[in-house]
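Here's the letter readout for the chains.
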Amino acid sequence: MLSGNMKKDKKEPFTFKVTVCKNMQDYSKEPYFVKRLEAAREAIKKWGVPEQILTGKH
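Residues numbered from 1 in each chain as written. Predicted model: local features only at pLDDT ≥ 70, side-chain atom pairs only at ≥ 80, totals over all residues. Heavy atoms only, no water.

1. Observations concerning the overall build of the protein
Each helix and strand in the protein was counted, giving two helices and four strands. Traced from its N-terminal end to its C-terminal end, the protein shows the element sequence β-β-β-β-α-α. Within the protein, the fraction of its 58 residues that count as buried is 3%. Split by element, the accessible area of the protein, about 6100 Å² in all, is 58% carbon and sulfur. (Helix = DSSP H or I, 4+ residues; strand = E, 2+ residues; numbered from the N terminus. Buried < 20%, exposed > 50% of the residue type's maximum accessible area, 1.4 Å probe, protein only. Areas by Shrake-Rupley, 256 points an atom, 1.4 Å probe, with all protein chains shown as cover.)

Encoded structure:
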């Protein structure tokens, strides 16, 4: 399971800590998630990623 806490930091706008629980099932090969990942890759290839997301400035 992933859990995270977002907190303000003076150096970076946000930090995100992730804890991975190794007891949970891996769904990365499930057809639904594979299909969604491919759709996301196609959208990013077509439209790119907004500069605000890349720089962290909003």
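2. Focus: the packing of aromatic side chains
This structure, assessed with the given rule, holds two aromatic pairs. The interplanar angle of 55 degrees and the centroid separation of 6.4 Å between the aromatic rings of Tyr-27 and Phe-33 together place this pair among those described as tilted. With a relative accessible area of 43%, Phe-33 lands in the partly exposed category. Between the aromatic rings of Tyr-32 and Phe-33, the centroid separation amounts to 5.1 Å while the plane-to-plane angle is 85 degrees, which identifies the pairing as edge-to-face. Counting every residue linked through ring pairs, the aromatic cluster contains Tyr-27, Tyr-32 and Phe-33. (Phe/Tyr/Trp six-rings, centres within 6.5 Å; stacked < 30°, edge-to-face > 60°.)

3. Some words on a nonpolar patch on the surface
On the surface, Ile-44, Val-49, Ile-53 and Leu-54 cluster together into a nonpolar patch covering about 390 Å² of accessible area. You can see Val-49 is positioned in the loop between α1 (31-47) and α2 (51-55). Residue Val-49 is classed as partly exposed on the basis of its relative accessible area of 35%. (Patch = residues over 30% accessible without salt bridge, like charges linked within 9 Å, V, L, I, M, F, W, Y side chains within 5 Å. Salt bridge = Lys/Arg side-chain N within 4 Å of Asp/Glu carboxyl O.)

4. Considerations on the confidence of the model for the protein
Looking at the protein as a whole, the pLDDT averages 81, with 74% of positions reaching at least 70. The secondary-structure element of the protein with the lowest mean pLDDT is strand β1 (residues 2-3), recorded at 50, while α1 shows the highest, at 96. (pLDDT = per-residue confidence, 0-100.)

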